Amino acid sequence: MGQYLHPQKIFMIIGLIEIMPLGHYTLVDSITRIYLSNTSNTVILYLNEKGSENVSALQKDFGERLMVKTKKAHKDVRAFLQQIANEKLDAAYIVTLERYFTEFNKTKFTYPLYFVVHNVESWFSLSIANSINNFFEGISKGRNIAYLLKSNFIYPLQKKKFIRKLLANNGTFVLLNDFLRDEVLKKDISRNVISIPFSVYYPKLDELQTIKSKIRITIPGIVDNNRRDYASVFRIFEEEKELFKHFYELELLGPLKKTENNAKLIQKIAQLNQQGLTVISYPEKYIPLEEYDHKLAQADLILGNLNVAVNKFSTYGKTKESGTAFAMIRVAKPGLLPSAYQVMDEVKSSTVSFKSYDHLKEILIGFTKDKEGVNHLNEEAKKNAVKFAPENFYKVIH
């Protein structure tokens, strides 16, 4: 992953812009660690006020080499972006761009920009057919009509304008794995397309794991029935409850909001716990990154219960990336992923693929009889995670 980005310099000052209401702070953490693996560099984070609580671990680890500048809630977005544009930086990353398109389009940055594309289809498949499909899909799921109109028929125009601006200024598109990078390169929009991992290995988290009586299976990320299949996971746990209650605990590591869509899921979790299974969830709770990492470090297996084909335009591993594989990397743990998901070569030896949820059930039953198999996967996960050490990526991009 990664390509040559910068001319050789003794030191660099890199800016990371993450001012969205809900940003990607694991990625902020990772890019920061990559650049600060060179002790001569400085990174400046430009965050919204709420986001600043997600960088406490970075501040502890890097001290004065990391600066944080925060947009107060009352401050105008355009004024904050202009302040950033006036900074003396060698380059800046726009980590997430989901709104404020007009403000970004009006701001003239005087240094190279690197724009992180999280979903290929939402930036490079901006067709009216895609917009109509997403609009009616959103309506069927009860989403706000005014927001759907804006996000599907106004935002695409603003996104196209932003892409034109980035191309005119020789900007670079950043993708989160080589599969996505290659997908964008095929479109022949720009040759300035590189890949940087969503997460890098963070060895300090290894020290946080405590000894538990059961194997913890963690599903990382916001609890969302559209992205993930919780019902099938709960079904196999219920079918094998007499065995699994002695061997496994299941953690949904992300906020579980009390919405109409989640009502059945919340009820099912309560039922499973009443049956003697252990299902850990975090209702309504936003989990800051440092706390999230500490919980993630307690996982023994990372489960990606992904709906791989989100719709006909969107596929995990091809047009968008899941954080699941990178959670495996961050805490050096093995993973269980659907066979339809494209697994990175670097983590194949610590990944077990399942063809169906009945197949996943067989795998988990097998683990109860073969603890050495689980131990072997853990050893492979540690070897694979080291490949994603921040300094390895700095050597490639600098």
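Conventions adopted
- Residues numbered from 1 in each chain as written.
- Predicted model: local features only at pLDDT ≥ 70, side-chain atom pairs only at ≥ 80, totals over all residues.
- Heavy atoms only, no water.
- Helix = DSSP H or I, 4+ residues; strand = E, 2+ residues; numbered from the N terminus.
- Expected span 1.5 Å × (residues − 1).
- Buried < 20%, exposed > 50% of the residue type's maximum accessible area, 1.4 Å probe, protein only.
- Arc of directions from axis to C-beta.
- Contact = heavy atoms within 4.5 Å.
- Polar contact = N/O pair within 3.5 Å; in protein donor to acceptor, adjacent residues only side chain to side chain.
- Pairing = 2+ DSSP bridges.
- Axes fitted to C-alpha atoms, helices over the stretch in contact; angles between N-to-C directions.
- Patch = residues over 30% accessible without salt bridge, like charges linked within 9 Å, V, L, I, M, F, W, Y side chains within 5 Å.
- Areas by Shrake-Rupley, 256 points an atom, 1.4 Å probe, with all protein chains shown as cover.
- Salt bridge = Lys/Arg side-chain N within 4 Å of Asp/Glu carboxyl O.
- Lys, Arg positive; Asp, Glu negative; His and termini not counted.
- Charge placed at Lys NZ, Arg CZ, Asp CG, Glu CD.
- Phe/Tyr/Trp six-rings, centres within 6.5 Å; stacked < 30°, edge-to-face > 60°.
- Core = buried A, V, L, I, M, F, W, Y, C linked by side-chain atoms within 4.5 Å.

Visitor: Describe helix 15 (residues 371–386), listing the residues and the values that go with them.
Guide: Taking 1.5 Å of rise per residue, 16 residues should cover 22 Å, and helix 15 covers 23 Å from first to last C-alpha, within 8% of that figure. All of the buried residues in helix 15 are Gly373, Val374, Leu377, Asn378, Glu380, Ala381, Asn384 and Ala385. Each buried residue of helix 15 sits inside an arc of 165° when the element is viewed along its axis, so together they form one side. In helix 15, those exposed residues whose orientation departs by more than 90 degrees from the buried face are Lys371, Glu372 and Lys383. Buried positions along helix 15 lie against helix 13 (324–331), strand 15 (351–354) and helix 14 (357–369).

Visitor: Requested: an account of the side chain of Asn384, with residues and values cited.
Guide: Within the secondary structure layout, Asn384 lies in helix 15. The class for Asn384 is buried, based on a relative accessible area of 3%. Within the structure, Asn384 has its side chain in polar contact with the side chain of Ser349 (distance 3.0 Å). If near-sequence neighbours (up to four positions away) are discounted, Asn384 is found in contact with Glu346, Val347, Ser349 and Ser350.

Visitor: Outline the sheet that holds strand 10 (residues 279–283), listing residues and values.
Guide: With parallel pairing, the 6 strands of this open sheet are ordered in space as 10-9-8-11-14-15. Each edge of the sheet is formed by a strand with only one pairing partner; in this case those strands are strand 10 and strand 15. The average undirected angle you get between the axes of adjacent strands in this sheet is 25°. Alignment of strand 9 (residues 248–256) against strand 10, held across 4 bridges, turns out to be parallel. Of the residues in strand 10, the one forming a bridge with Glu251 is Ile280. Here helix 9 (residues 230–239) sits on the sheet and contacts strand 8 (215–220), strand 9, strand 10 and strand 11 (301–303); the angle it forms with strand 9, its principal contact strand, is near 160°.

Visitor: Help me get a handle on a positive patch on the surface, residues and values and all.
Guide: A cluster of basic side chains, namely Lys106, Lys160, Lys161 and Arg164, defines a positive patch on the protein surface. Ranked by residues supplied to the positive patch, first place goes to helix 7 (residues 145–168) with 3 residues. The residue Lys161 is located in helix 7 in this model.

Visitor: So what about the side chain of Thr96? Which residues, and what values?
Guide: Relative to the elements of secondary structure, Thr96 occurs in the loop between strand 4 (91–94) and helix 4 (101–106). The exposure class assigned to Thr96 is buried, which follows from its relative accessible area of 2%. Side-chain polar atoms of Thr96 contact the side chain of Glu18, separated by 2.5 Å. For Thr96, the side chain forms a polar contact with the side chain of His24, separated by 2.9 Å.

Visitor: Break down the packing of aromatic side chains for me, citing the residues and quoting the values.
Guide: In total, this model carries 19 aromatic pairs according to the counting rule given. Both rings, one in Tyr46 and one in Phe80, keep their centres 6.4 Å apart while their planes meet at 70°; by these two values the pair is edge-to-face. Placement of the pair is Tyr46 in strand 2 (residues 42–48) and Phe80 in helix 3 (residues 77–85), with a sequence separation of 34 residues. One exposure class covers both Tyr46 and Phe80, and it is buried. Seen from their ring centres, Phe101 and Trp123 are 6.1 Å apart, and the 65° between their planes marks the pair as edge-to-face. You can see Phe101 sitting in helix 4 and its partner Trp123 sitting in helix 5 (residues 120–124), a full 22 residues away along the chain.

Visitor: Got a sec to walk through the environment of Lys387? Specific residues and values, please.
Guide: Looking at the secondary structure, you find Lys387 in the loop between helix 15 and helix 16 (390–397). The sequence separation of Lys387 and Ser213 amounts to 174 residues, and the corresponding C-alpha distance is 30 Å. For Lys387, the residues in contact, after removing those within four places along its chain, are Glu346, Asn392 and Phe393. Within the structure, Lys387 has its side chain in polar contact with the side chain of Asn384 (distance 3.0 Å).

Visitor: So what's going on with the nonpolar core? Residues and values would help.
Guide: With 57 residues, the main nonpolar core has Ile14, Leu16, Tyr35, Val43, Leu45 and Tyr93 as its most contacted residues. The next biggest cluster of nonpolar side chains, apart from the first, holds 34 residues, and it includes Tyr46, Leu81, Phe101 and Phe124.

Visitor: Describe the pattern of salt bridges, naming the residues involved and giving the relevant values.
Guide: Scanning the entire structure with this criterion turns up 24 salt bridges. In this structure, Arg181 engages Asp182 in a salt bridge whose closest nitrogen and oxygen atoms are separated by 3.0 Å. The class of Arg181 is buried, set by a relative accessible area of 15%. One network of salt bridges, in which partners are shared, links Asp29, Arg33, Asp61, Lys204, Asp293 and Arg330.

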